[in-house]
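Tertiary structure, described
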Amino acid sequence: MSALNIDITLNTGAKIPAVGFGTVCDEEFRYKFKDALKVAILEAGYRHIDTAWYYGTEKLIGEVLSELIGSGKIKREDIFVTTKVWPSLWNNPLKSLETSLKDLQLDYVDLLLQHWPLAFDSGAEGKPAVPRDADGNVRILDVDYLETWKKMIDIYKNTGKAKAIGVSNYTVAMLKRLLDQTDVVPAAEQVELHPHLPQVELVQFCKEHKIVVEAYSPLGSNGAPNLKIPVVQELATKYGVHPVDILVNYHAQAGRVVLPRSQNVNRIRTGFKVVKLTAEELKKLDQFGVENPKRFITDSLGKEPRL
Ligand SMILES: NC(=O)C1=CN([C@@H]2O[C@H](COP(=O)(O)OP(=O)(O)OC[C@H]3O[C@@H](n4cnc5c(N)ncnc54)[C@H](OP(=O)(O)O)[C@@H]3O)[C@@H](O)[C@H]2O)C=CC1
Ligand SMILES: O=C1Nc2ccccc2C1=O
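Because the structure is predicted, anything quoted here is derived from the model rather than measured.

This part covers the pairing of strand β5 (residues 80-85). By the criterion of burial, β5 is predominantly enclosed, with six of the six residues buried. On β5, burial covers both faces: Phe80, Thr82 and Lys84 on one face and Val81, Thr83 and Val85 on the other are all buried. Relative to β5, strand β4 (residues 48-50) is paired through three bridges, and the arrangement is parallel. Paired with His48 across the strands is Phe80, a residue of β5. Once you follow β4 into helix α2 (residues 58-70) and on to β5, the crossover reads as right-handed.

Take the site of ligand 2 next. Around ligand 2, the neighbouring residues are Val24, Tyr55, Trp86, His115, Trp116 and Ile297. Here an oxygen atom of ligand 2 sits 2.8 Å away from a polar atom, N or O, in the side chain of His115. A distance of 2.8 Å separates an oxygen atom of ligand 2 from a polar atom in the side chain of Trp116. Burial of ligand 2 by the protein chains amounts to 71% of its free accessible area of 280 Å². The class makeup of the residues in the shell around ligand 2 is five nonpolar, one polar and no charged.

To continue, consider the site of ligand 1. As a structural note, the neighbourhood of ligand 1 is formed by 29 residues, with Ser221, Arg261, Ser262, Gln263 and Arg267 the closest of them. Take Val24: an N or O atom from its main chain is 3.3 Å from an oxygen atom of ligand 1. For ligand 1, an oxygen atom lies 3.4 Å from a polar atom in the side chain of His115. Surface burial for ligand 1 is 87%, taken as the share of its 910 Å² of free accessible area covered by protein chains. Of the residues assigned to the shell around ligand 1, the class counts are 11 nonpolar, 14 polar and four charged.

Before going further, it helps to spend a moment on the pattern of salt bridges. The final tally for this structure, using the stated rule, is 15 salt bridges. With a shortest N-O distance of 3.5 Å, Glu234 and Lys284 are connected by a salt bridge. Note that Glu234 is positioned in helix α7 (residues 230-239) and Lys284 in helix α10 (residues 279-291), a separation of 50 residues in sequence. Given a relative accessible area of 45%, Glu234 falls into the partly exposed group.

Okay, the UniProt feature "active site" (unreviewed entry) in the protein chain next. UniProt feature "active site" (unreviewed entry): in the numbering of this structure it lies at Tyr55. Sequence-distant contacts of Tyr55, that is, excluding residues within four places in its chain, are made with Thr23, Val24, Arg30, Asp50, Lys84 and His115.

Turning our attention to the nonpolar core. Core analysis: the largest hydrophobic core is formed by 100 residues, its most contacted members being Tyr46, Leu65, Leu112, Trp149, Tyr170 and Ile246. Each residue touching Leu65, except ones within four places of it in the same chain, is listed here: Ile41, Ile49, Gly70, Ile74, Ile79, Val81, Leu104 and Leu106.

Let us look at the sheet that holds strand β6 (residues 111-114). Spatially, β3-β4-β5-β6-β7-β8-β9-β10 is the arrangement adopted by the eight strands of the open sheet, whose pairing is parallel. Edge positions in the sheet fall to β3 (21-22) and β10 (257-259), since each has one partner strand and no second. In the sheet, strand β8 (residues 188-192) pairs with strand β9 (residues 212-216) via five bridges, with the strands oriented parallel. Directly across from Glu192, in β9, lies its bridge partner Tyr216. Sheet strands touched by helix α3 (residues 93-104): β5 and β6. Its angle to β5, the strand with the most contacts, is close to 140°. Each of β5, β6 and β7 (165-168) touches helix α4 (residues 146-158); the most contacted strand, β7, lies at about 155° to it.

Looking now at the UniProt feature "domain: NADP-dependent oxidoreductase" (unreviewed entry) in the protein chain. UniProt's feature table lists "domain: NADP-dependent oxidoreductase" (unreviewed entry) at residues 34-288, given in the numbering used throughout. Here residues 34-288 runs as 41% helix and 12% strand, with 37 Å between its end C-alpha atoms.

If you walk through the whole model with that rule in mind, you get five aromatic pairs. Ring plane angle 75° and centroid distance 5.1 Å describe the contact between Phe21 and Tyr46, whose orientation is recorded as edge-to-face. Of this pair, Phe21 sits in strand β3 while Tyr46 sits in the loop between α1 (30-44) and β4; the two residues are 25 residues apart in sequence, bridging distant segments of the chain. Of the two residues, Phe21 and Tyr46, both sit in the buried class. Ring geometry for Tyr145 against Tyr170: centres 5.4 Å apart, planes inclined by 80°, an arrangement best described as edge-to-face. Taken together, the residues Tyr145 in the loop between β6 and α4 and Tyr170 in the loop between β7 and α5 (172-181) connect sequence positions 25 residues apart. The pair Tyr145 / Tyr170 is uniform in exposure class, with both members buried. When the ring centre of Tyr108 is taken as reference, the NZ or CZ atom of Lys163 above it lies at 4.6 Å.

About the thresholds
- Residues numbered from 1 in each chain as written.
- Chains lettered and ligands numbered in written order.
- Predicted model: local features only at pLDDT ≥ 70, side-chain atom pairs only at ≥ 80, totals over all residues.
- Heavy atoms only, no water.
- Buried < 20%, exposed > 50% of the residue type's maximum accessible area, 1.4 Å probe, protein only.
- Helix = DSSP H or I, 4+ residues; strand = E, 2+ residues; numbered from the N terminus.
- Pairing = 2+ DSSP bridges.
- Right-handed = clockwise from strand over helix to strand, strands pointing away.
- Near = heavy atom within 4 Å.
- Polar contact = N/O pair within 3.5 Å; in protein donor to acceptor, adjacent residues only side chain to side chain.
- Areas by Shrake-Rupley, 256 points an atom, 1.4 Å probe, with all protein chains shown as cover.
- Nonpolar A, V, L, I, M, F, W, Y, C, P; charged D, E, K, R; others polar.
- Salt bridge = Lys/Arg side-chain N within 4 Å of Asp/Glu carboxyl O.
- UniProt positions renumbered as here; feature names shortened; annotations may be inferred.
- Contact = heavy atoms within 4.5 Å.
- Core = buried A, V, L, I, M, F, W, Y, C linked by side-chain atoms within 4.5 Å.
- Axes fitted to C-alpha atoms, helices over the stretch in contact; angles between N-to-C directions.
- Phe/Tyr/Trp six-rings, centres within 6.5 Å; stacked < 30°, edge-to-face > 60°.
- Lys NZ or Arg CZ within 6 Å of the ring centre and 35° of its normal.

Here it is in structure tokens:
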């Protein structure tokens, strides 16, 4: 069985496929991106796409979805689409969402995330996406990140354009503030999470509050360094699978979403096997990161998420 068939239930009652196709794309790969996405959907069986206003891939995704839906190869309801509001559009998440929907050629997204708990001093169009002063410092505004979340609640309750809303790159302290001060529990929290960064406290907090955790950069981002983690390799040998299957099942078997990315069509086509990791093995993978913590992604300021 393919791990691409595993589903998780959100606090809205909707199902989300546990494995989503990461759509950050290098400039040189853009001309091949559409073919790669078609392979992902039609050959590998991906049913979940993770994108963002910021990634610059939404038009390409929209062209593929429009073609596949138009030709009857897939139905809109068979694909779970997530997009995100970038901090340069912190004050107008509806504009961000409407731009994404236009590019994606969709009427709604299944999940809208606040990309970072930050506000940038950009123009009304959200451009430049990362505004800098003459010294090269990002022009960040002293605005409460919950302002954006409150506007997203309004979108969720009143427009039908986002079937669920959630956050990304929030710490536990930020989630606590959000729960104290607003009346919608995020459906999901997307963070960097893998055996080098198991985020044990955050995962436990989200479990208690029925927030689905989504793991980004599961392979350790560029070059996939996490494939070389000794306990990952040991488990791959034990189960006779590729280490990537262990990195994916570390999340899918624990009830989390995982968002691997590849620009290699052969890898995309291969998909991921299901590996029934035991509770003890999942703990062992967590323990590796407790002892060897490493973060690969920082925010646009080059910093780790704030407390
Ligand atoms: N909310 C947020 O702030 C963030 C969200 N994300 C989301 O998470 C997704 C994935 O994270 P990302 O940081 O991009 O990286 P990943 O951790 O998914 O790693 C991608 C790298 O792994 C390589 N790779 C993939 N499969 C294999 C394999 N089987 N064997 C060897 N190498 C492999 C890829 O190379 P190749 O292409 O050659 O296969 C690429 O270099 C993003 O696309 C995005 O959707 C990511 C970061 C932040
Ligand atoms: O905010 C992000 N920073 C990133 C770096 C690499 C891949 C994806 C992302 C994001 O989504």
